[in-house]
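Given next are the chains, with one letter for each unit.
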Amino acid sequence: MSTTSIPPGVDPALVPLRTLYTGARMPAIGLGTFGSDHVSAGEIAAAVKDAASLGYRHFDCASVYGNEDRIGESFREIIGGGIRREELWVTSKLWNDKHGEADVIASCRKSLADLQLDYLDMYLIHWPFPNFHPPGCDVGSRSPDARPYIHENYMRTWRQLEKLVEMGLVRHIGTSNMTIPKLKLLLRDARIKPAVNELEMHPHMQQPELSEFLHGRGIEPIAYSPIGSPGRPERDRTPEDTVDVEDPVILAIARRLGVHPAVVCVKWACQAGATPIPFSAKHRNYLANLQGVVGAPLTADDMRAIAGVDRNCRLIKGQVFLWKAGQSWEDLWDLDGMIKQ
Ligand SMILES: NC(=O)c1ccc[n+]([C@@H]2O[C@H](COP(=O)([O-])OP(=O)(O)OC[C@H]3O[C@@H](n4cnc5c(N)ncnc54)[C@H](OP(=O)(O)O)[C@@H]3O)[C@@H](O)[C@H]2O)c1
């Protein structure tokens, strides 16, 4: 395919910023780095380096993605090439088998060493459950040690994250895959409150109640799977799942704007007040996503029309975190406002 029609990158100064409660400013779009088991660490590391040359400054990493060491090589080259560390926004996440008090700081240090950085802008607890399952396992896989959410244990892990801030290894801490009832407990007990919460958010899973809760408490929502994760692993697919990029409303807007429906999803998340972190390892696609958030906004009619396509369709259900027989994945998400035990 010819690349002559691909325009150059985006001036990072044009990318919208989110101001966190600390006053720090975070680019309102990041590049996801989970290869969904089919994009290699090398391809993702190459995309990170290229994306930085196009104007991306925010990168969403995690130890469980199995590629932080390769991405670290890219960060070294990016910084060696003249982009200052302070211009980058790097997030990493603590995996479920490292919630133990003795494991948190060591796990963060490992991510820092792999990423070749001396601090992280953001460190998240990836899931509120400590329930280990091996990478790439089947959806029916259950850990014999699996437990429900136990707030006292979560707080022990959180205290270690707070310590990471005090040690200067991490600038901000946050949560991921949390619900309102769990966040209420955390906000009651945290010494350092979360600066962000990562949540699944795309036109078919808009989560207005959780977004409003977060905004109301000065916590920035980070929209993961903002395109509806069309490349997600087979284990994360069920027959009920719907496809955002095939939605007639999204398709019509995309046609009018002359962009891929994925770009409409990214623009929507950003305009809805979240920070999308779309994944792509394809130059053309991650460039289009970045251009999407600096280009002309969706109209008020577009935003209204997209508000009408919400189907509350959760794609990343988390079945592998269930802790007893006969449960359904809904038990992980506190739908009736109570934390299931
Ligand atoms: N905190 C959590 O628990 C959690 C969970 C899931 C994800 N995440 C984070 O969120 C990131 C994004 O989520 P995701 O990877 O699940 O899904 P996503 O960003 O919704 O979708 C990624 C897919 O969309 C395609 N795509 C991207 N831009 C496109 C464009 N402009 N045109 C056409 N296709 C496009 C990509 O294909 P190509 O590669 O072919 O472009 C890829 O298959 C992850 O990488 C990860 O960093 C976090």
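Residues numbered from 1 in each chain as written. Predicted model: local features only at pLDDT ≥ 70, side-chain atom pairs only at ≥ 80, totals over all residues. Heavy atoms only, no water.

Things to note about the nonpolar core
Ranked by internal contacts, the top residues of the largest apolar core, which has 95 residues, are F59, F75, L120 and W158. A total of seven residues in this core trace back to one element, the largest contributor, which is helix α8 (residues 261–271). (Core = buried A, V, L, I, M, F, W, Y, C linked by side-chain atoms within 4.5 Å. Buried < 20%, exposed > 50% of the residue type's maximum accessible area, 1.4 Å probe, protein only. Helix = DSSP H or I, 4+ residues; strand = E, 2+ residues; numbered from the N terminus.)

A short note on the sheet that holds strand β10 (residues 275–276)
On the basis of which strands lie adjacent, the open sheet formed by eight strands has the order β3-β4-β5-β6-β7-β8-β9-β10 and parallel pairing. Taken across any chain shown, the strands that pair with only one partner, and hence form the sheet edges, are β3 (31–32) and β10. As judged from the two bridges shared by strand β9 (residues 220–224) and β10, these two strands associate in the parallel manner. Residue I222 lies in a different strand from β10, and its bridge partner there is T275. (Pairing = 2+ DSSP bridges.)

A word on the site of the ligand
Among the 30 residues in the neighbourhood of the ligand, the closest are listed as D60, S229, S280, K282 and N285. Between the ligand and T33 there is a distance of 3.2 Å, counted from an oxygen atom to a backbone nitrogen or oxygen. Separating an oxygen atom of the ligand from a side-chain N or O atom of D60 is a distance of 2.7 Å. Within the complex, 91% of the 900 Å² of free accessible area of the ligand lies under protein. Those elements that provide at least two residues to the shell around the ligand are α8 and α9 (283–294). Taken together, the residues that form the shell around the ligand break down as 13 nonpolar, 13 polar and four charged. (Near = heavy atom within 4 Å. Polar contact = N/O pair within 3.5 Å; in protein donor to acceptor, adjacent residues only side chain to side chain. Areas by Shrake-Rupley, 256 points an atom, 1.4 Å probe, with all protein chains shown as cover. Nonpolar A, V, L, I, M, F, W, Y, C, P; charged D, E, K, R; others polar.)

Brief notes about helix α3 (residues 104–115)
Helical geometry note: an α-helix holds 3.6 residues per turn, so side chains three or four residues apart project in the same direction. A rise of 1.5 Å per residue sets the reference length of α3, with its twelve residues, at 16 Å; its end C-alpha atoms lie 16 Å apart and thus fit the reference within 8%. Within α3, burial applies to V104, I105, S107, C108, S111, L112, D114 and L115. Buried residues in α3 make contact with α2 (68–80), β5 (89–94), β6 (122–125) and α4 (151–167). Just downstream of α3 lies Q116, where phi reads positive at about 60°. (Expected span 1.5 Å × (residues − 1). Contact = heavy atoms within 4.5 Å.)

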